[in-house]
Amino acid sequence: MSVPGSQRIAVIGGGISGMAEAFYLSARHEVTLFEAGPRLGGHTATVDVALNGERHAVDTGFIVFNDWTYPHFIRLLNTLGVAAQPTEMSFSVHETERDFEYNGHTLGSLFAQRSNLASPGFYRLLGDIVRFNRRATRDLEAGRLPDGMTLGDYLDQQGYGEAFQRRYLLPMGAAIWSASLDDLRGFPLAFFVRFFRNHGLLNIANRPQWYTVKGGSRAYIPALTAPYAERIRLNAPVAAVTRDATGVTVTTAAGSERFDRVVLACHADQALKILGSDATPAEREVLGAMPYQDNEVVLHTDTALLPRRRRAWASWNYRLDRRGASDAVSVTYNMNILQRLDADTTFCVTLNDSQSIDPSRILRRFTYAHPRFTLEGQAAQARHGDICGAPQSHGRTHFCGAYWRNGFHEDGVWSALRVAQKLGCDEPAAPFEPPTAIPAHQLLPDGGPGDMG
Ligand SMILES: Cc1cc2nc3c(=O)[nH]c(=O)nc-3n(C[C@H](O)[C@H](O)[C@H](O)COP(=O)(O)OP(=O)(O)OC[C@H]3O[C@@H](n4cnc5c(N)ncnc54)[C@H](O)[C@@H]3O)c2cc1C
């Protein structure tokens, strides 16, 4: 495809993918961004909470990123002059009914429940962790992870114990991807192991530094959207997009508008719905192969969702109690640790466990759809070139979104950049440097996460 001169481009979706897309494209093109909701951000969803005379900006969607696997997002923050602050990424598991809990952050927190010191089963779990870390890394590097194999099949084939699977690896993955334990077993093996290796999750010592955006994740939105601020349409759900030889028609409740091109920066299923009967067979196949799952997210102050022992409180807390037939993840983020909130109250964000939360302590409820990762979806990701700028849709339709790779913020930015480069734009030439960060010791309130015993 030849690189176009300045064009009129519609971007549909105001999450990180759409906002980054519009930012990159606006260096050369006239961009209009359509967002269905009343605010920008999509899964970047910081809310203002006023409680007991204090005000806090608490994240309920996108929270963390790191200095290993978010190069484009970090470059974007540095370009925009947005500050980040270091955070701690610790992980706990607790099973209330059996009074079992641990926090993998330090040796002390690992044995937060002292009886684990004398539990052979607990040592078997630790042994399996070491074995999996070594073996999976070796198998990945030697190209020994079969393409069509799922994580569950690999774990069973290699004889990993029930405790390792259900109390360590699967919950950690389920918490990362907001998925169920069964979904995790169905994950493409190589995709899972590569992600864990790339994020330092297969070794104990050498791990990335994690960060949050200072002041809440929404703090980057004003600078990211400034170049096209006057052409942002909020409360403007796009009902239809049709393509023809001379342009693209975008239809909302306010009417129809013509553009030269369109970038669909919403989820795959939403994109397919918007294209409707205008979708090409390839668009139907590729977008239709990417499933989503709704996650209930509750912002609250009920610490009963955290481990019983305060020493075991981590940034991410996975609760294993089985409730009915549901195998959905129940994870609670401790926002005071993650965002370094200087607050007397502990703010929690819990996914998929609303019925366990004391209703009087609930502050806000949300539902966010998250991509589910399957072997079919992975094959569809590899077919981006079949539908992005494809001649069947007159070369005028493009797709970006976190769902095109691992489902995270960097993937949204990476996928936006991939489209922007096709349309003759690039990221500003800022060198990759660690985020503009404030040293952790200047941020920690007294009794911060390192001091929770
Ligand atoms: C609870 C939770 C926590 C997370 N935490 C992290 C984290 O810590 N780190 C991380 O990297 N990732 C995290 N993620 C993953 C997150 O999904 C991605 O990082 C990223 O924010 C997704 O961005 P997106 O732009 O692709 O999609 P979205 O943010 O979902 O944006 C899509 C946008 O399209 C709009 N839209 C849909 N249909 C239409 C239409 N017809 N017309 C106009 N607009 C439309 C939607 O309203 C929405 O604003 C988290 C996700 C969840 C659910």
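In this text the structure is predicted, and so the values were computed from the model without any measurement.

Definitions and cut-offs
- Residues numbered from 1 in each chain as written.
- Predicted model: local features only at pLDDT ≥ 70, side-chain atom pairs only at ≥ 80, totals over all residues.
- Domains from an automatic or database assignment.
- Nonpolar A, V, L, I, M, F, W, Y, C, P; charged D, E, K, R; others polar.
- Buried ≥ 20, exposed ≤ 12 C-beta atoms within 10 Å, placed from the backbone.
- Helix = DSSP H or I, 4+ residues; strand = E, 2+ residues; numbered from the N terminus.
- Pairing = 2+ DSSP bridges.
- Contact = placed C-beta atoms within 7 Å.
- Axes fitted to C-alpha atoms, helices over the stretch in contact; angles between N-to-C directions.
- Left-handed = near helix turned anticlockwise from the far one by under 90°.
- Arc of directions from axis to C-beta.
- Core = buried A, V, L, I, M, F, W, Y, C linked by C-beta atoms within 7 Å.
- Expected span 1.5 Å × (residues − 1).
- Bend = angle between axes of the 7 residues up to and from the residue.

Moving on, we get to the domain arrangement of the protein chain. Here the domain parsing of the protein chain yields domain 1 (8-46 + 215-289 + 374-422) and domain 2 (90-206 + 292-371). Distance between the C-alpha centres of domain 1 and domain 2: 32 Å. Taken together, the residues of the side of domain 1 that touches domain 2 break down into three nonpolar, six polar and one charged.

Okay, the pairing of strand S16 (residues 316-319) next. With burial as the criterion, each face of S16 is covered, one bearing Trp316 and Tyr318 and the other bearing Asn317 and Arg319. Taken together, the three bridges between S16 and strand S17 (residues 331-334) define a ladder with antiparallel strand orientation. Across the sheet, the residue bridging to tyrosine 318 is valine 331, located in S17.

Note that tryptophan 177 resides in helix H6 (residues 162-177). By C-beta crowding, tryptophan 177 is classed as buried, having 22 other C-beta atoms within 10 Å. Sequence-distant contacts of tryptophan 177, that is, excluding residues within four places in its chain, are made with His370, Phe373 and Gly407.

Here we come to unusual backbone geometry. Keep in mind that most residues, glycine aside, have a negative phi and that most peptide bonds are trans. The phi angle at arginine 340 is positive, at roughly 55°, despite the residue not being glycine. Tracing the backbone shows arginine 340 in the loop between helix H12 (335-338) and strand S18 (348-351). Given 21 C-beta atoms within a 10 Å radius, arginine 340 is considered buried. Phi is positive for histidine 394, which is not a glycine, with a value near 60°. Along the polypeptide, histidine 394 turns up in the loop between helix H14 (384-387) and strand S20 (397-399). A residue is classified by how many C-beta atoms lie within 10 Å of it, and histidine 394, with 15 of them, is partly exposed.

It is at 8 Å that the axes of helix H1 (residues 16-25) and helix H15 (residues 409-422) come closest, and there the two elements cross at 35°. Considering how the two elements wind past one another, H1 and H15 form a crossing that is right-handed. Residues Ile16, Ser17, Ala20, Glu21, Tyr24 and Leu25 of H1 pack against His409, Gly412, Val413, Ser415, Ala416, Leu417, Val419 and Ala420 of H15. Tallied by class, residues from the contact of H1 with H15 come to nine nonpolar, four polar and one charged.

Another point: the sheet that holds strand S11 (residues 240-244). Judged by pairing direction, the sheet is antiparallel, and its three strands sit side by side in the order S11-S12-S13 without closing on themselves. Two strands in the sheet have a free side with no partner beyond their single neighbour: S11 and strand S13 (255-259). When the angles between neighbouring strand axes are averaged without regard to direction, this sheet yields 20°. Of the pairings in the sheet, the one linking S11 to strand S12 (residues 247-252) comprises five bridges and is antiparallel in character. Across the sheet, residue threonine 242 finds its bridge partner in S12, namely threonine 249.

Below, the discussion takes up helix H11 (residues 281-288). For H11, every residue scored as buried is listed here: Glu283, Val286 and Leu287. Along the axis of H11, the buried residues cluster in a sector spanning 90°; they form a single face. The elements touched by buried residues of H11 are helix H10 (268-275), helix H13 (375-381) and H14.

In terms of nonpolar packing, the biggest core is built from 118 residues, with Ala10, Val11, Ile12, Ala20, Val262 and Leu264 touching the most fellow members. Here this core gathers at least three residues from each of two domains, domain 1 (8-46 + 215-289 + 374-422) and domain 2 (90-206 + 292-371). Contacts of alanine 20, omitting those with residues within four sequence positions, involve Leu76, Leu224, Gly412, Val413 and Ala416.

Below, the discussion takes up H6. For H6, with 16 residues, the first-to-last C-alpha span of 21 Å sits near the 22 Å given by 1.5 Å per residue. Its axis deflected by about 40° at leucine 170, H6 carries its strongest bend there, up to four residues before the proline proline 171. Within H6, burial applies to Gln165, Arg167, Tyr168, Leu169, Leu170, Pro171, Gly173, Ala174, Ala175, Ile176 and Trp177. Serine 178, located one to two residues past H6, shows a positive phi value of around 50°.

Pairing within the open sheet is antiparallel, and its three strands lie in the order S5-S9-S6. Of all strands in the sheet, those with a lone pairing partner are strand S5 (64-66) and strand S6 (84-87), marking the two edges. Averaged over all pairs of adjacent strands, the angle between strand axes in this sheet comes to 45°, irrespective of strand direction. One ladder, built from four bridges, connects S6 with strand S9 (residues 210-213); its direction is antiparallel. Of the residues in S9, the one forming a bridge with threonine 87 is tryptophan 210.

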